[in-house]
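# Summary of structural features
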Amino acid sequence: MSGYKEYKSLDLPSLENEVGKFWEEKKIFEKSISTRDGKEPFVFYEGPPSANGMPGIHHVMGRAIKDLFCRYKTQRGFQVNRKSGWDTHGLPVELSVEKNLGITKEDIGKKISIEEYNAECRREVLKYQDAWEKLTHKMGYWVDLKNPYVTFDNNYIETLWWALKQLYDKGLLYEGYTIQPYSPAAGTGLSTHELNQPGCYRLVKDTTVVAQFKVVNDEKSKFLFHDVQLPVYFLAWTTTPWTLPSNTALTVGGEIEYSLIQTFNPYTAIPINVILAKSLIAKYFESNFENAEMKFEAGKKELPWKVLSTFKGKDLDGVRYEQLLPYQQPTDGDAFKVVTGDFVTTEDGTGIVHTAPSFGSDDFRMAKKYNLGSLTLVDKQGKFVDGVGEFSGMYVKNYKDDKNYESPDVLICIKLKKENKAFKVEKYEHNYPHCWRTDKPVIYYPLDSWFVKTTAAKDRMMELNNTINWKPESTGTGRFGNWLENLQDWNLSRSRFWGTPLPLWKSEDETEVVCIGSIADLKEQINLSAENAKQFGLEYDVQSISGNLKDLHRPFIDRIYLISKTGKKLSRTPDLVDVWFDSGAMPYAQWHFPFENKELFAKNFPADFIAEGVDQTRGWFFTLHALATLLYDSVAYKNVVSNGLVLDKNGNKMSKRLGNSVDPFETLDKYGADATRWYMISNSQPWDNLKFDIAGIDEVKRKFFGTLYNTYNFFALYANIDKFNYSEDEVPLNKRPEIDQWIISLLNSLVKTVQADFENYEPTHAVRTIQQFVDEHLSNWYVRLCRRRFWKGDYTEDKIAAYQTLYKCLLTISKLIAPVSPFFADKLYIDLNSVSKKENAESVHLSDWPETNDKEIDSSLEERMQIAQDISSLVLSLRKKVNIKVRQPLNKIMIPVLNTTFKSQVEAIQDLVLSEVNVKAIEFITDAEGVIKKKAKANFKLLGQKLGKNMKAAADVIILFNQKEIAELEKNKAIAVLINDNPVEILLEEVEIFSEDIPGWQVANKNELIVALDITISTSLQEEGNARELVNKLQKMRKDGGFNITDRVMLSIEKHDFINATILNFKNYICAEILADDLQMVEQLSDAEVVEVNDFPIKIILKQKK
RNA sequence: AGUCCCGUAGCUCAGCUGGUUAGAGCACUACACUGAUAAUGUAGGGGUCGGCAGUUCAAAUCUGCCCGGGACUACCA
């Protein structure tokens, strides 16, 4: 029979390689699903990564979390399908293609055809697929890579169309002309997601101006001119002076108080009256010069001012003013008047907001509400259109990196200053969004877009969100909840090339719109178009148009046009769909639902579990949720883990630029996936950021895997000698020694804890608990104390019990760690099981989660063992204090006992302790002898509630209780005392009674436990100590001599006064320990080895018996 | 600017619903032990629990404000 595999060293990477090959050959992953056929599914959705970039170490983190719960659920008996996916559309792909080809957006369709361009994107997008798959295998992430969903797939797109059509039919898809972030440099609108790439908002210094808008004196405004004949101006602040030519209104807050102030223009010194929010006066005027003499020179600081009147914003409603920069006038509505809006604040500016409907969304809203006209005097390239005087053709920001660039912001301010239209011009530092791709400032610009009316389902989305189990909870209620509360409609349109085309066909006059929900639908529309065309005598070649259906991307789809029944030509709206729609619709699209797999979909919706980075909260987590709510009035996922970032060891973000990023392949190659995964999961909660330190992986490897490996090797070594293969009947637990019962009890508790933690998506606690069990309890206590049981004596029931116990612990551990460290776990499982054949699973990942047995949990035993460990630790520390090595036996330890339960607890573990600390006996000291002095201490928790304010005084009283008082308390279970002159009865259970030091002994204590050690060494103890020392040296000689553990030996020792008696008295012991068949004392030994035994040189010859 | 998370030993982190010597591992130092040996044990130093206030008999723990780090959100003129 071949025994348990023994190992020379722990080499995780090569072990993983081997296990990985085994999984592949035996199709273990496939079996982990197929063997669960018919079982309850546990539905997991894989968030699709984009394979146009290399995977990073944070992907290992994210995937470790996903993998561990899927594996765990499999062990629990669920069937866990894991379809992989690739996110293939979107700007990042397009941009890297542009970069590769050295082109810009404007070149597409000119220098390169859309067809070629998109073909390039298709190639680019899976550029690193190999690397991703390699990482997947290497890190042991189990996901079905053979049948991934790919978002550029026609089938996938068809489902997206279906979803869009559903929304369209429900009236949840609409077209709107709105103000959106727009990057003139990139020539595209930007999504909020893109705008919120890290670093997009940057502190910039802009030239800002408080402009003067001259009030028209008429019926409405005459209250402003009542006292004075001076011109009156509204003061309005802007950080974007370039929008001033497009100003068509001013917005005030209806309830905000405004003041009319008499003063001078600081630049021209022309006497003026100005209007601004009362609470902001101090921002522009110094209190020193209030009501000063009305005299001012340009450039001086002493600007006199005087409040003439104060009124509410609503009084200004409808007041007209003269256009500030009259280059062009709006034709689409009223203009140049004051309106009221609730968004106005008095935090900065003047409380009067310059309103340019084309360049701000609040502005746009005001324009809609008050039917204001608009001026769009900047084109899509970001330059002023013709007809804006000297500014015509100028770029509003330096988009072209022109060295001689002059900012229109500055020029406009200069102009306004000269014309007595600027009250204050200054540089101002503020956050402003920039295009993440071009680094250039974004402007807000009116664009036509299609929206999903997510606001319609806002309340429902919030309700459904409350049913989702978020880890951590705060992300769900806080970050996600707040986001839902402030929900805006979802802007779907993207004017790009590589992505899912919007399935909308429109007539040129925009009166007719068709939304297509499937390829069949489109075919039908094409056939209908042919009929309609015939009716109107138009040409329409069904064949050539249908030829464009093979690939639903642009440009083919754009070539399809339709003819409506009124004879109008309908062309496709050229926009693409936001890529987040792609991934948000993956629950449906991954199955090509509803065109195929209806049942499969029904079984796999919603997901039980998803996990991604916290940065996906407003990304994937949102789009999944929004679409599920809108389409199915359901959540898309029931449990979601949002993990934090992986930072470098100093807590900085990893970036290629800083050179502090960690290569996942290198890490996995060097340390292995198991150690890396274990480190990541154990080091910090998944939702906290991980400060990734390579040294931590090393520690995990040594501390955890090293210990576990050592424990296994220890087991294998002796089990092989004894040919233990678990063929014997199970030794009943109650027939096994206490220590076996104890470790089994702990093991049961461990399984329970770990199981609960995994169920609650708390992997970190689970992993730490396992680690503690393996290190502290299994290795450093159980194995350490039981070593002799394994290598001493015959193959008795006790020995079998020891093997069975340790085997069970190891096998159970292999199952518990399988979700987190799948390779090592499987190796351990297979190595154990291949000899015992106790289980019939081929791999730990096909095995079932261990059962727990509450009857095997014995908390009083666990408590006892804790006492044993404490006593041992105290005795060892005492030995250390007096410098007596453990090999030197001592007579006794003494322990004061204050009650009988404690005494019986110690008696039960007496033998363990005695052999552990090498002492002959435990002596119990009771207070009957009067040796120990009792003390009492308040139980703060109990007494605090009872006494409240008197707690402190009571504690002081109790600690001073004398022996008599304590005796009374113990006898009567209560004692009456005076606390702050109040009579109070203190109950026995409200105090803790402990003993003070034992006078005259070497004592040590831990909390209430006190241990004293008798350190007198008699001659026989000394001899025994010598014997043990000698045995130790002989064992070393055996080992150095390369003897096998089971080899028998012959021993000769040269006589020496120091050792003669020892050998005489302990001959049998010595021989037994070192497996000597013969021990001879000789007068003189030549060629002998000299060993020091307790400082005396002893000559010895040790020979292997042939 | 708002929302959320984090701040405990040199490092990485525990410390649950407030309760009296604030813990563990790593690292460091010293000493032991050892047929699990590229392990193990014991002891030691090292903390104003980010700061300030409040609630309470009692605060690392609850509340408020502030500081520092991070994430997310944001047209704030």
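Residues numbered from 1 in each chain as written. Chains lettered and ligands numbered in written order. Predicted model: local features only at pLDDT ≥ 70, side-chain atom pairs only at ≥ 80, totals over all residues. Heavy atoms only, no water.

### Focus on the overall build of chain A
Helix and strand counts for chain A stand at 36 helices and 38 strands. Over its C-alpha atoms chain A spans a radius of gyration of 42 Å, topping by over 25% the 32 Å that the globule rule assigns to 1106 residues. For the C-alpha atoms alone, the extent of chain A along its principal axes is close to 125 × 90 × 60 Å. Here chain A, with 1106 residues, has 55% of them falling under the buried criterion. Of the roughly 49500 Å² of accessible surface on chain A, a fraction of 47% belongs to carbon and sulfur atoms. (Helix = DSSP H or I, 4+ residues; strand = E, 2+ residues; numbered from the N terminus. Rg over C-alpha atoms; globule rule 2.2 N^0.38 Å. Buried < 20%, exposed > 50% of the residue type's maximum accessible area, 1.4 Å probe, protein only. Areas by Shrake-Rupley, 256 points an atom, 1.4 Å probe, with all protein chains shown as cover.)

### A closer look at the side chain of S821
Looking at the element boundaries, S821 is found in the loop between α27 (797-817) and α28 (822-836). Judged by its relative accessible area of 0%, S821 is buried. Not counting residues within four places of it along the chain, the set of residues in contact with S821 comprises D674, W678 and F705. (Contact = heavy atoms within 4.5 Å.)

### Digging into the pattern of salt bridges
Taken as a whole and judged by the stated rule, the model has 62 salt bridges. Residue R496 pairs with E94 through a salt bridge whose shortest N-O separation is 2.9 Å. A residue pair is termed long-range when its members are at least 10 positions apart, and R496 in the loop between β17 (493-494) and β18 (504-507) and E94 in helix α4 (residues 91-101) qualify at 402 residues. E94 shares its class with R496; the two are buried. Two residues, E738 and R864, come together in a salt bridge whose shortest N-O distance is 2.8 Å. In this pair, E738 is assigned in helix α25 (residues 738-759) and R864 in helix α29 (residues 859-882), connecting sequence segments 126 residues apart. (Salt bridge = Lys/Arg side-chain N within 4 Å of Asp/Glu carboxyl O.)

### Observations concerning the packing of aromatic side chains
In this description, a pair of aromatic rings is defined by centroid distance and the angle of the planes. Here the structure, examined in full by the defined rule, presents 63 aromatic pairs. When the centroid spacing of 6.4 Å and the interplanar angle of 75° are considered together, the rings of Y395 and Y399 count as edge-to-face. The rings of Y4, F714, F715, Y718, F724, Y726, F790, Y795, Y803 and Y807 are connected pair by pair, giving a single aromatic cluster. The ring centre of Y174 lies 5.8 Å from the NZ or CZ of K453, which sits over that ring. Over the face of the ring belonging to Y726 we find K838, whose NZ or CZ atom lies 4.1 Å from the ring centre. (Phe/Tyr/Trp six-rings, centres within 6.5 Å; stacked < 30°, edge-to-face > 60°. Lys NZ or Arg CZ within 6 Å of the ring centre and 35° of its normal.)

### What to know about the side chain of K83
Topologically, K83 is positioned in strand β1 (residues 83-86). The side chain of K83 sits in the buried core without any salt bridge; D144 is the nearest counter-charge, 5.9 Å away. Here the side chain of K83 touches N147 through a polar contact of 2.9 Å, landing on its backbone oxygen. With residues up to four places along the chain from it excluded, the contact list for K83 reads E46, V143, D144, N147, P148, Y149, Q590 and W591. (Lys, Arg positive; Asp, Glu negative; His and termini not counted. Polar contact = N/O pair within 3.5 Å; in protein donor to acceptor, adjacent residues only side chain to side chain.)

### Here we look at the sheet that holds strand β3 (residues 173-183)
Ordered in space as β4-β3-β14-β16, the four strands form an open sheet in which the pairing is antiparallel. One side of each edge strand has no neighbouring strand; the edge strands of this open sheet are β4 (188-189) and β16 (490-491). Two strands pair when backbone bridges link them, and β3 and β4 are joined in this way by two bridges, in the antiparallel orientation. Looking across to β4, one finds that Y182 is bridged to G189. (Pairing = 2+ DSSP bridges.)

### Observations regarding helix α7 (residues 154-169)
Across its 16 residues, α7 extends 22 Å between first and last C-alpha, which sits within 8% of the 22 Å expected from 1.5 Å per residue. Count one or two residues on from α7 and you reach G171, which has phi positive near 75°. (Expected span 1.5 Å × (residues − 1).)

### What about the environment of E124?
For E124, the location among the structural elements is in helix α5 (residues 114-125). Taking the C-alpha atoms as reference points, E124 and N52, separated by 72 residues in sequence, lie 6.3 Å from one another. At 3.0 Å, the side chain of E124 forms a polar contact with the side chain of S96.

### A few points about the environment of E728
Structurally, E728 can be placed in the loop between α24 (694-721) and α25. Taking the C-alpha atoms as reference points, E728 and L1079, separated by 351 residues in sequence, lie 37 Å from one another.

### Here's the deal with the packing of helix α3 (residues 57-75) against α25
Between two packed helices, the angle of one axis relative to the other and the distance separating the axes together describe the packing. Running from amino to carboxyl end, α3 crosses α25 at an angle of 120°, the nearest separation of the two axes being 11 Å. Overall, the two elements α3 and α25 adopt an arrangement that is oblique. Where α3 crosses over α25, the handedness of that crossing is left-handed. Residue-level inspection shows L68, F69, Y72 and K73 of α3 in contact with α25, the latter providing Q755, F758 and E759. In terms of residue class, the contact of α3 with α25 is built from four nonpolar, one polar and two charged. (Axes fitted to C-alpha atoms, helices over the stretch in contact; angles between N-to-C directions. Parallel < 35°, antiparallel > 145°, perpendicular 65-115°, else oblique. Left-handed = near helix turned anticlockwise from the far one by under 90°. Nonpolar A, V, L, I, M, F, W, Y, C, P; charged D, E, K, R; others polar.)

### Points about unusual backbone geometry
For the peptide bond that leads from K471 to P472, omega is -5°, which places it in the cis range. Here P472 lies in the loop between β15 (469-471) and α15 (473-485). Each neighbour pair has its own omega, and for R554 with P555 the value is 0°, a cis peptide bond. Relative to the helices and strands, P555 is located in the loop between α17 (542-546) and β20 (562-563). Although it is not a glycine, K973 adopts a positive phi angle of roughly 60°. Note that K973 resides in the loop between α34 (963-972) and β30 (974-979). The residue L1075 is not glycine, and still its phi comes out positive at about 55°. Relative to the helices and strands, L1075 is located in the loop between α36 (1057-1074) and β36 (1076-1082). Of the residues examined, L1075 reaches a relative accessible area of 23% and is grouped as partly exposed.

### Side note on the sheet that holds β20
With antiparallel pairing, four strands are arranged side by side in an open sheet as β19-β18-β21-β20. If you trace the sheet from one side to the other, it starts and ends with β19 (513-515) and β20, each paired once. As judged from the three bridges shared by β18 and β19, these two strands associate in the antiparallel manner. Paired with W505 across the strands is V514, a residue of β19.

### Points about the pairing of β18
Burial along β18 is two-sided: the residues L504 and K506 and W505 and S507 are all buried. The antiparallel hairpin formed by β18 and β19 contains five residues in its connecting segment, where E510 sits at a positive phi of about 60°. Summarising the sheet, β18 and strand β21 (residues 569-572) pair through three bridges and their orientation is antiparallel. Paired with K506 across the strands is S571, a residue of β21.

### Focus: the packing of α4 against α5
Relative orientation of the contacting elements α4 and α5 amounts to 110°, with a least axis distance of 9 Å. Accordingly, the angle class assigned to the pair α4 and α5 is roughly perpendicular. Contacts from V93, E94, S96, V97, E98, N100 and L101 in α4 reach Y117, E120, C121, E124 and V125 in α5. In terms of residue class, the contact of α4 with α5 is made up of six nonpolar, two polar and four charged.

### Notes on helix α30 (residues 900-908)
Three or four residues apart is the spacing at which side chains of an α-helix point the same way, because the helix has 3.6 residues per turn. Among the residues making up α30, those that are buried are F902, Q905 and V906. All buried residues of α30 project into a common sector of 95° when viewed along the axis, lining one side. Those residues of α30 that are exposed and angled more than 90 degrees off the buried face are T900 and T901. (Arc of directions from axis to C-beta.)

### Quick notes on the environment of K427
Looking at where K427 falls in the secondary structure, it is placed in strand β13 (residues 422-433). Put simply, K427 and F311 are 116 residues apart on the chain and 31 Å apart in space, counted from C-alpha to C-alpha. When near neighbours in sequence (up to four residues on either side) are disregarded, K427 contacts K205, D206 and T207.

### Topic: the confidence of the model for chain A
Residues with a pLDDT of 70 or more make up 97% of chain A, whose mean pLDDT is 87. Of all helices and strands in chain A, the one with the weakest mean pLDDT is helix α8 (residues 192-195) (62), whereas helix α2 (residues 28-34) scores best (96). Here the predicted complex carries an ipTM of 0.86, next to a pTM of 0.84. (pLDDT = per-residue confidence, 0-100.)

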